[in-house]
Number of protein chains: 2
Amino acid sequence: MSRKYFTKATDIAKRIVEERVKEGDIVIDATIGNGYDTVFLAKLVGKTGKVYGFDIQSKAIENTKAKLIESTLTERVILIKDSHENIDRYVKEKIDLVIFNLGYLPGGDHEITTKPNSTIKALKKSLDILKENGIIVLVIYHGHEMGKIEKNIIEQYVRELNQKKYTVIKFEFINQINNPPLIIAIEKNL
Amino acid sequence: MSRKYFTKATDIAKRIVEERVKEGDIVIDATIGNGYDTVFLAKLVGKTGKVYGFDIQSKAIENTKAKLIESTLTERVILIKDSHENIDRYVKEKIDLVIFNLGYLPGGDHEITTKPNSTIKALKKSLDILKENGIIVLVIYHGHEMGKIEKNIIEQYVRELNQKKYTVIKFEFINQINNPPLIIAIEKNL
């Protein structure tokens, strides 16, 4: 046992994504931020796959576009400067995976955060277009004020999801004092 | 995405064990029950590894012994008919992994359950003899009365573990009505 197994919450999210997304998949990055996950997803879906990336901030779109050009991955990614609550306006096909990195843009304006209302709307629409065995991963930062509210509203919502239709699992680091992000993953059952 | 990814709590525990235990490891099955995990562990540690198995019930020891004989794995397993709270009397070496399947013996007397007090004692002693990067996995059944109490006491205890020394993660299926077991995993940091 040489290397650490339980690293951090974001690595758990990344591991789930890595184990599930395969060549040809169609996936959504609901909050592209600085584009790290978008690039990661674009590599995983390969030439035959597709990534839809959403963000309301121009800075996020620009940063992500730059990273995609650098990695010559632009062809398989559709960047959309709109709220993820409007996913259904842009995505007209069934989806294998959706990832939400909630909160604010790292290095951006911390006052501009995802909001519980639009997050729940986006989550509902994501569930509608999710394929069977498809997965939604939520990385929830609840250290800031709006994040706490968002965390509670999301948890309340997903706890009510019909267990025959969905499996909802929560991953939480419970002995850390600095409110590490928690992960909620939802799988649509067969 | 053909097969289900998030199956059930016990599969998550099994996946952690499978990903961590390797040939030559020394591990503890703190609650052998009917011996399924003991056999699983004995296979993973290989000819050069060792499994210590604890249970207070003769029936558990007998059932496990029978399974081990059948799989010709007896040589690498030491079965001990005593409470896991006395781990330190029998185990005098550093350990790679400990698994606790709490609650009662499936198919046995449901009145005979693990008790919070001895579970915490066993957990403390396990932490003491755990190698760096070693892992403790607790499968906590909290559907029965004593299980609820046990769950709360364990959670309270592990939340207080120093985050520099240990990483504690909780895996919970949060949309199921029948109190599915929850998993707590503890890794000893480097």
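Here, the structure is the one placed above.
Note that the structure is predicted; figures quoted are calculated from it, not measured.

Trainee: So what's going on with the nonpolar core? Residues and values would help.
Mentor: Of all hydrophobic cores here, the largest spans 56 residues; its most connected members are F6, I16 and F171 of chain A together with F6, I16 and F171 of chain B. In this structure I16 of chain B touches Y5 and F6 of chain A together with I135, V137, F171 and A185 of chain B, once residues within four positions along its chain are discounted.

Trainee: Quick rundown of the relation of the copies chain A and chain B? Include the residues and the values.
Mentor: Of the two same-sequence chains, chain A is brought onto chain B (RMSD 0.0 Å, axial shift 0.0 Å) by a rotation of 180°. Between the two chains, the operation in question is that of a two-fold axis. Minimal C-alpha distance to the rotation axis in chain A is attained by F171 of chain A, lying at 2.4 Å. Both copies share a contact surface, since 100% of the interface residues of chain A are interface residues in chain B too.

Trainee: Go over helix α6 (residues 145–159) of chain A, please, and point to the residues and values.
Mentor: Residues and elements named next belong to chain A. Its 15 residues place the ends of α6 22 Å apart at the C-alpha level, agreeing with the 21 Å of an ideal helix rising 1.5 Å per residue. Among all positions of α6, only G147, E150, K151, I154, E155 and V158 are buried. Looking straight down α6, one finds that the buried residues subtend no more than 130° of arc, so they occupy a single side. The exposed residues of α6 that point more than 90 degrees off its buried face are E145 and Q156. On its buried side, α6 packs onto α5 (116–129), β5 (130–140), β6 (166–173) and β7 (182–188).

Trainee: Any details on the interface of chain A and chain B? Residues and values, ideally.
Mentor: If you look at the interface, chain A gives 41 residues, while chain B gives 42 residues. Carbon and sulfur atoms supply 54% of the area buried between chain A and chain B, which totals about 3,700 Å² over both sides. Where chain A touches chain B, the interface holds two salt bridges. For the salt bridge of E187 of chain A with K4 of chain B, the shortest nitrogen-to-oxygen distance reads 3.6 Å. Among the secondary structure elements, those contributing two or more residues to the side of chain A that touches chain B are α1 (9–20), β4 (95–101), β5, α6, β6 and β7 of chain A. The element contributing the most residues to the side of chain A that touches chain B is β6 of chain A, with eight residues. As defined by bridge partners, β6 of chain A adjoins strand β6 (residues 166–173) of chain B across five bridges and the pair is classed as antiparallel. Bridge pairing in β6 of chain B links I169 of chain A to F173 of chain B.

Trainee: Could you give an account of empty space enclosed by the protein, with specific residues and numbers?
Mentor: A full pass over the atoms with the stated rule returns one cavity of 30 Å³ or more. Lining of the largest cavity is provided by 15 residues; of these, Y5, R15 and F171 of chain A together with R15 and F171 of chain B occupy positions nearest its centre. Listing elements by their share of the lining of the largest cavity, those giving two or more residues are α1 of chain A together with α1 (9–20) of chain B. Partitioning the lining of the largest cavity into residue classes produces ten nonpolar, one polar and four charged.

Trainee: Report on the pattern of salt bridges, specifying residues and quantitative values.
Mentor: Residue and element names in this part refer to chain A. Enumeration over the complete set of coordinates arrives at 24 salt bridges over all chains. Across the salt bridge formed by K22 and D25, the nearest N and O atoms sit 3.1 Å from each other. Take K22: its relative accessible area is 40%, and that puts it in the partly exposed class. Classification of D25 by relative accessible area gives buried; the value is 3%. It is possible to trace a salt-bridge network through shared partners that takes in K151, E155, R159, K170 and E172.

Trainee: So, the packing of aromatic side chains: which residues are in play, and what are the values?
Mentor: Where two aromatic rings form a pair, the distance of their centres and the angle of their planes describe that pair. Scanning the model with the defined rule gives seven aromatic pairs over all chains in all. These aromatic residues form a ring-pair network of at least three members: Y5, F6 and F171 of chain A together with Y5, F6 and F171 of chain B. One cation-aromatic arrangement involves K14 of chain A over F40 of chain A; the distance from NZ or CZ to the ring centre is 4.9 Å.

Trainee: Summarise helix α3 (residues 58–70) of chain B; cite the residues concerned and give the values.
Mentor: Residues and elements named next belong to chain B. Between the first and last C-alpha of α3 there are 18 Å, a value that for 13 residues agrees with the 18 Å anticipated at 1.5 Å per step. Among the residues making up α3, those that are buried are A60, I61, T64 and L68. Axial view of α3: buried residues confined to an arc of 95°, hence all on one face. Along α3, exposed side chains directed more than 90 degrees from the buried face belong to E62, I69 and E70. In this structure, the buried side of α3 is in contact with α2 (36–45) and β3 (77–80).

Reading the values: rules and limits
- Each chain has its residues counted from 1, running along the sequence as written.
- Chains and ligands are labelled by the order in which they are written, letters from A for the one and numbers from 1 for the other.
- A pLDDT threshold of at least 70 governs which residues receive local features in this predicted model, and a stricter bar of 80 or more applies before side-chain atom pairs are shown or counted, although totals over entire chains, interfaces and linings include all residues.
- To get the side-chain values, take all heavy atoms of the structure and skip hydrogens and water.
- Throughout, nonpolar core names a set of buried Ala, Val, Leu, Ile, Met, Phe, Trp, Tyr and Cys residues whose side chains join them through atoms within 4.5 Å.
- Burial classes follow relative accessibility: with a 1.4 Å probe on protein chains only, a residue under 20% of its type's maximum area counts as buried, one over 50% as exposed, and anything between as partly exposed.
- The contact criterion used is simple: two residues touch if any of their non-hydrogen atoms lie within 4.5 Å.
- Copy-to-copy alignment: least squares on C-alpha atoms, limited to residues at pLDDT 70 or above in both.
- Segments assigned H or I by DSSP are reported as helices when at least four residues long, segments assigned E as strands when at least two residues long, and all are numbered from the N terminus.
- An expected span of 1.5 Å times one less than the residue number is assigned to each helix.
- Here, the arc refers to the directions that run from the helix axis to the C-beta atoms.
- Throughout, the accessible surface (probe 1.4 Å) given up by two parts as they are put together, summed over both, is called the buried area.
- Salt-bridge detection follows one rule: a side-chain nitrogen of Lys or Arg within 4 Å of a carboxyl oxygen of Asp or Glu.
- Two strands pair under a simple rule: DSSP has to find at least two bridges between them.
- Put simply, the grid is 1 Å and covers the protein atoms alone, a cavity is a trapped set of points that fit a 1.4 Å probe, a pocket is an open set with protein on both sides within 12 Å along at least five of seven lines, and lining residues have an atom within 4 Å of a point.
- Grid points are joined across faces, edges and corners, and a volume is the space filled by probe spheres set on the points.
- Put simply, Ala, Val, Leu, Ile, Met, Phe, Trp, Tyr, Cys and Pro go in the nonpolar bin, Asp, Glu, Lys and Arg in the charged bin, and everything else, Gly too, in the polar bin.
- Between 30 and 60 degrees the pair is tilted, below 30 it is stacked and above 60 it is edge-to-face, where a pair is any two Phe, Tyr or Trp rings, Trp via its six-membered ring, whose centres lie within 6.5 Å.
- A ring is considered to have a charge above it if a Lys NZ or an Arg CZ atom is located within 6 Å of its centre and within 35 degrees of its normal.

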